[in-house]
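Coordinate inspection notes
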Amino acid sequence: MTSADIDQIVTHPVPERLLKSPDFPTPHVDSMEKYKAMWKESVEKPKEFFGKLATDLLSWSKPFQTVTHGSFEKGDVAWFLEGELNASYNCVDRHALKTPDKIAIIHEGDEPDKVRRITYGELLRDVCRMANVLKSLGVRKGDNVAIYMPMVPEAIVGILACARIGAIHSVVFAGFSAESLRDRVMDSSARVILTSDEGRRGGKNIATKRIVDDALRDRETPVEHVIVLRRTGTPVPWENDRDLWWHEEVAKARTFCSPEPMNSEDPLFLLYTSGSTGAPKGILHTTGGYLLGAAATVKYIFDYHENDIFACMADIGWVTGHSYIVYGPLTLGATTVLFESTPTYPNPSRFWNLIEKHKITQFYTAPTAIRALRRLGDEWVEGIDLSSLRVIGSVGEPINPEAWDWYNEKVGKGKCAVVDTYWQTETGSIIVSPLPGATPTKPGSATFPFFGIDPVILDPTTGKVMDVVDETGVLAIRQPWPSMARSVYNNHSRFMETYLSPYPGYYFTGDGASRDKDGYIWIRGRVDDVINVSGHRLSTAEIESALVHHETVAEAAVIGGFDSLTGQCIHAFVTLKPHIEATEDFLTKELTLQVRKIIGPFAAPKRIYIVNDHPKTRSGKIMRRVLRKIVDNEHKQLGDISTLADPSVVAVIIEKVHGPV
Ligand code: WTA
């Protein structure tokens, strides 16, 4: 989008209904003036602002004395230092003690008629039991537990049971392959894995336990036990001295387990994410600051009020699931919806039926789902009562204005706040977003910073702050905020190199961004080698390495091309070792399988091109920029390619991608 395009964008005022209806609560922040005043205080006096917020929103077993300490330069950021608290106590006990019969989790199963409702009282018992099971297996504070589970309430129970005893959970998205799971289990030295016999999604069974078995096969791993939930009942292979049934173990366990007092800076969880280079990093989040960020953003960005029904459609294996299915809503004592199925099962009305059935007030999904549903036609959303909705959110990638408009009109009926929320695994919670009762929105812009976030746009080469309208630079943050990641597990220097050293004094997001004349922030996508496919973060280096592992491949170059449905899609250009005698058709299938096996099905390239050579500089570096322009149909504007080692390669590749000219 150019600045001329931005000028065409219509600004949407806050819907009247949110501010004036007697049927709705008054928004926590109900004017732009109020937002501005609060934001100013939050960045100018973070100690006062966050000290108060942390006391209001969290329960501390020992109060903190120092609100914030440390700096980006030194990489020693810490919040609420002397304070002690337990995340599971904050998410469960304090609500269970007051309102034990309130519904904590609504689980909508894969089949729409399979709904489970779990109260806070029940959740407390379930979490305690699982915590006691883990303890009985020798898991202690600071130990690691991996969770490889489908979208069932027990996944939340597992997460909170770890938090209760101070074990560090590392949830691995159940779409990852056995090899990816093994890498994560090895890196985090997980002693226990929680899993299920199978998962269910979109009417199909997924062989979860088998993938865990494969991950642990033929290799020494730190895993002592695998606890298996019975989800579908399909018989699964069993290792007697390693595997335990979930239901048998919890039946033996006591229903109370006292929460371990944790220092605010004790680790809460790891979440592995892709970066530009090398193996995925275990992003480390700590307890107090993370929990505050998750809770504060649910309160202010989703304008949460008591009795709301909060529904985030993300998978629990991604950070969005952590902050907006589990920790954020439960810290506030909300009813959170856990959805096991897909947006199109059994038909494309599924999301909308879900909203109507459970009277959902906040609904949070990704642009790729919105685009896919829009494409299937308005008839699937029409005639369904969506009047319970107040706030509808989007996350994961830039949302294009067409998708934004459709979401606003067809789902929000023009009467809901649309929040395009920008953030990352590393930021812990949303950092740029409108506030429902305050911010006039512009489709495609994540608008303004959340409290405590002081964003700047830097010139990528000089590192100086750019104060120019509509010019894209790199997005960075000027001062620490509570929920930011503290480290990369066992690799603090990698944390420094990736986020804090590139632009000294700033946290570097890896995203490009600009500001328009009204100060609205527009996120432009990654400036590094991270590709975003349907909101899934993938590194080109990781996919290239999976391809090169194949015995036929000499070299691989992977780039993200434009895709109108998934945002970006993966194109791989592969050269072969000499004397490979196989058809292209056979090889592309083989190589696709290879990526699925090493990373997971969601990382499979959309196109694989077998080529004789890559466009390279004279020093041998592959010019991915050239490949990107070719797949995006911009090869008429390649610029000067005479510096390539062999410029004739380009014409051959253009023909390969677009056919003979
Ligand atoms: C992208 C997901 C534009 C961005 C919470 C970021 C977005 C990466 C938005 C993080 C948005 C996320 N607009 N881009 N509203 N939200 N992104 O770690 O490139 O899976 O760096 O966290 O997603 O992806 P991650």
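Since the model is a prediction, treat every value here as computed from it, not as a measurement. (Residues numbered from 1 in each chain as written. Predicted model: local features only at pLDDT ≥ 70, side-chain atom pairs only at ≥ 80, totals over all residues. Heavy atoms only, no water.)

1. Looking at the environment of Ser-539
As for its placement among the helices and strands, Ser-539 is situated in strand β27 (residues 536-539). Along the backbone, Ser-539 and Ile-193 are 346 residues apart, and their C-alpha atoms lie at a distance of 26 Å. Ignoring any residue separated from it by four or fewer positions in sequence, one finds Ser-539 in contact with Ser-274, Gly-275, Ser-276, Asp-529 and Val-530. (Helix = DSSP H or I, 4+ residues; strand = E, 2+ residues; numbered from the N terminus. Contact = heavy atoms within 4.5 Å.)

2. What to know about the side chain of Asn-86
Its location among the elements puts Asn-86 in the loop between β3 (84-85) and α5 (87-98). At 2.8 Å, the side chain of Asn-86 forms a polar contact with the backbone nitrogen of Ser-88. A distance of 2.8 Å separates the side chain of Asn-86 from the backbone oxygen of Glu-260, its partner in a polar contact. Setting aside its immediate chain neighbours within four residues, Asn-86 contacts Ala-163, Arg-164, Pro-259, Glu-260 and Met-262. (Polar contact = N/O pair within 3.5 Å; in protein donor to acceptor, adjacent residues only side chain to side chain.)

3. What to know about the UniProt feature "domain: AMP-binding enzyme C-terminal" (unreviewed entry) in the chain
Under the local residue numbering, the UniProt record ascribes the feature "domain: AMP-binding enzyme C-terminal" (unreviewed entry) to residues 542-621. Structurally, residues 542-621 comprises 28% helix and 31% strand, and the distance from its first C-alpha atom to its last is 17 Å. (UniProt positions renumbered as here; feature names shortened; annotations may be inferred.)

4. A few points about unusual backbone geometry
Residue Pro-346 follows Tyr-345 across a cis peptide bond; omega there is -5 degrees. Along the polypeptide, Pro-346 turns up in the loop between β17 (335-339) and α13 (350-358). In this model, Phe-80 sits at a positive phi of 55 degrees, which is unusual for a non-glycine residue. Looking at where Phe-80 falls in the secondary structure, it is placed in the loop between β2 (78-79) and β3. Judged by relative accessible area, Phe-80 falls into the buried class, the value being 0%. In this model, Asn-490 sits at a positive phi of 60 degrees, which is unusual for a non-glycine residue. Turning to its location among the elements, Asn-490 is positioned in the loop between β23 (487-488) and α16 (492-500). (Buried < 20%, exposed > 50% of the residue type's maximum accessible area, 1.4 Å probe, protein only.)

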